Amino acid sequence: MTVMTAAEIEDFLDDVFPHRQGTIEAVDHMRATMSLAVEDEHLRPGASVSGPSMLNLADISLYVAILAQIGPETMAVTSSINCHFLRRARGDRDLIANARIVKLGRRLAVGEVQLFSTGDNEPVALVTATYVLPDRDD
């Protein structure tokens, strides 16, 4: 069960984080799926998707998964993030991010995100991240 729908999260992010990239495809219990329509601005030499573009999508995807669980919270912030680039992300395909919260505690949320080039079964990157959560009344 989620406390926010994908549409509610999109509206929230439009207000507080309008420069974000990516589109929310789905949210579910402890999960979120997002996509990024790859444009020239996301490419590095060699027609590959740049690392910063992939990391950006992974970070916002995990934030979306967290928002779906805790509700609209501007001060849930990334405290650490680690990315393993596994293979080339093709610049002629969109990116898909599958985020999963591994642990949602009172003060920290830990998650992982697998990034895929559309149409591929093998991930192009694996990202792990921790978010610090503000005090909440439970």
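Going along each chain's sequence as written, the residues are numbered from 1 onward. Residues qualify for local features only when their pLDDT is at least 70, as the model is predicted, and side-chain atom pairs are given and counted only at 80 or more; totals for whole chains, interfaces and linings, by contrast, use all residues. Side-chain figures throughout are based on the complete set of non-hydrogen atoms in the structure, without hydrogens or water.

Enquirer: Please set out the overall build of the chain residue by residue, giving values where relevant.
Expert: Put simply, DSSP H or I for four residues or longer makes a helix, DSSP E for two residues or longer makes a strand, and each gets a number counted from the N terminus. When helices and strands are counted, the chain shows two helices and eight strands. Mapped from its N terminus to its C terminus, the chain presents α and β elements in the order α-β-β-β-β-α-β-β-β-β. With the C-alpha coordinates aligned to their principal axes, the bounding extent of the chain is approximately 50 × 25 × 20 Å. Classification of the 138 residues of the chain by burial places 43% in the buried group. Contacts between residues were defined by any pair of non-hydrogen atoms, one from each residue, lying within 4.5 Å. Considering only contacts within the chain whose residues lie at least 6 apart along the sequence, 64% involve residues at least 24 apart. Shrake-Rupley sampling with a 1.4 Å probe provides the accessible areas, and residues are treated as covered by the protein chains on show and by no other component. Accessible area of the chain: about 7,300 Å², with a carbon and sulfur share of 50%. Residue burial is assigned from relative accessible area. The probe radius is 1.4 Å, only protein chains are included, and a residue is buried under 20% of its type maximum, exposed over 50%, and partly exposed in between.

Enquirer: Account for helix α1 (residues 6-16), with residues named and values stated.
Expert: Of all the residues in α1, the buried ones are Ile 9, Glu 10, Phe 12 and Leu 13. Down the axis of α1, the smallest arc covering the buried residues is 165°, so these residues share one side. Turning to α1, the residues buried within the fold contact β1 (23-28) and α2 (51-70). Think of the arc as the fan of directions from the helix axis to the C-beta atoms.

Enquirer: Help me get a handle on the pattern of salt bridges, residues and values and all.
Expert: Salt bridges are defined as contacts in which a side-chain nitrogen from Lys or Arg sits within 4 Å of a carboxyl oxygen from Asp or Glu. This model, assessed by the stated rule, comprises seven salt bridges. In this structure, Asp 135 engages Arg 107 in a salt bridge whose closest nitrogen and oxygen atoms are separated by 3.1 Å. In this pair, Asp 135 is assigned in the segment after β8 (125-132) and Arg 107 in the loop between β6 (95-104) and β7 (108-117), connecting sequence segments 28 residues apart. Judged by relative accessible area, which is 67%, Asp 135 ranks as exposed. Put simply, Glu 10, Asp 14 and Arg 20 are held in one network by salt bridges that share partners.

Enquirer: Explain the sheet that holds strand β2 (residues 31-36) to me, and be specific about the residues and the numbers.
Expert: Strand order across the open sheet formed by six strands is β1-β2-β6-β7-β8-β5, with antiparallel pairing between neighbours. Every interior strand has two partners, whereas the edge strands, β1 and β5 (77-85), have only one. Shown here is a sheet whose adjacent strand axes are inclined to one another by a mean of 20°, direction ignored. Here the axes come from fitting lines to C-alpha atoms, over the contacting stretch only for helices, and the angles between their N-to-C directions go from 0 to 180 degrees. Lying over the sheet, α2 contacts β1, β2, β5, β6, β7 and β8, oriented at roughly 45° with respect to β6. Two strands qualify as a pair provided DSSP detects at least 2 bridges between them.

Keep in mind these numbers describe shape, not what the thing actually does.
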